[in-house]
Amino acid sequence: MKLLITKHIEIDMGHRVPNHKSKCRNLHGHRYKIEVGVDDVVITTPGTSDEGMVIDFGDVKKLMMDIIDEKYDHGFVMYHQDEFADIFDRLLLKGQRIIFVPFIPTAENLAKHWFDLLEAPLKYLKINLHHVKVWETPTSTATFTKHDKRSGKIDTSQKKLI
Ligand SMILES: [Zn+2]
């Protein structure tokens with residue numbers, strides 16, 4: 001039997017969207033909710049700790065805490081080509097939790113980023129990562145799935161900008 005299980009954590013993090021047409025270009029923060037979905041077969045080995053589970057929820061949470069919470073919670077994520085990057089570099093040297101990333105830190109890009117970070121350690125546990133879903137606000141989400149990974153880069157050149 002194969003099925004999908006999910007686990008979520010929440011973190012507080014700051015960001016800014018440098019080219020945004022409105023207020024998102026300001027330094028600000030969100031309480032992010034991050035959901036990881038794992039779809040795999042249910043373990044049937046009798047007498048094992050994980051019998052009847054895809055993976056222990058606690059093991060998924062530990063990975064999420066080690067890889068996401070530990071590095072990003074109460075931090076500020078910043079595009080490394082942001083015009084303010086040098087200021088934030090100074091803050092980093094002063095011990096502030098600044099995380100430079102090679103992309104504009106939107107919920108969409110963060111979902112893909114965290115998918116990429118979690119995929120290998122889960123694969124090491126022989127567990128199949130299905131998706132990472134990020135709530136930037138209680139009503140706004142972005143989901144990156146393994147199917148998005150397979151389809152490769154999405155051509156956005158024809159997308160109409162508003
Ligand atoms: Zn924001």
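In this text, all values refer to a predicted model and were calculated from it rather than measured experimentally. (Residues numbered from 1 in each chain as written. Predicted model: local features only at pLDDT ≥ 70, side-chain atom pairs only at ≥ 80, totals over all residues. Heavy atoms only, no water.)

1. Thoughts on the side chain of aspartate 73
Step number 1: Relative to the helices and strands, aspartate 73 is located in the loop between helix 1 (57-72) and strand 3 (75-79).
Step number 2: One buried charged residue, aspartate 73, remains without a salt bridge, the closest side chain of opposite sign being arginine 97 at 5.5 Å.
Step number 3: From its side chain, aspartate 73 meets the backbone nitrogen of aspartate 12 in a polar contact 2.9 Å long.
Step number 4: Beyond its immediate stretch of four places on either side in the chain, aspartate 73 contacts Ile11, Asp12, Ile68 and Arg97. (Helix = DSSP H or I, 4+ residues; strand = E, 2+ residues; numbered from the N terminus. Buried < 20%, exposed > 50% of the residue type's maximum accessible area, 1.4 Å probe, protein only. Lys, Arg positive; Asp, Glu negative; His and termini not counted. Salt bridge = Lys/Arg side-chain N within 4 Å of Asp/Glu carboxyl O. Polar contact = N/O pair within 3.5 Å; in protein donor to acceptor, adjacent residues only side chain to side chain. Contact = heavy atoms within 4.5 Å.)

2. With respect to the packing of aromatic side chains
Given two aromatic rings, their pairing is described by the distance between the two centres and the angle made by the two planes.
Step number 1: For the coordinates displayed, the defined rule picks out 3 aromatic pairs.
Step number 2: Taking 5.3 Å as the distance between ring centres and 85° as the angle between the ring planes, the aromatic pair formed by tyrosine 72 and tryptophan 114 counts as edge-to-face. With a gap of 42 residues between them, tyrosine 72 in helix 1 and tryptophan 114 in helix 3 (residues 107-124) connect regions that are remote in the sequence. Neither tyrosine 72 nor tryptophan 114 differs from the other in exposure class; each is buried.
Step number 3: Consider the rings of phenylalanine 115 and phenylalanine 144, whose centres lie 5.1 Å apart with planes at 70°: the pair is edge-to-face. A residue pair is termed long-range when its members are at least 10 positions apart, and phenylalanine 115 in helix 3 and phenylalanine 144 in strand 6 (residues 140-145) qualify at 29 residues. Across this residue pair, the class does not change: phenylalanine 115 and phenylalanine 144 are buried.
Step number 4: One cation-aromatic arrangement involves lysine 33 over tryptophan 135; the distance from NZ or CZ to the ring centre is 4.2 Å. (Phe/Tyr/Trp six-rings, centres within 6.5 Å; stacked < 30°, edge-to-face > 60°. Lys NZ or Arg CZ within 6 Å of the ring centre and 35° of its normal.)

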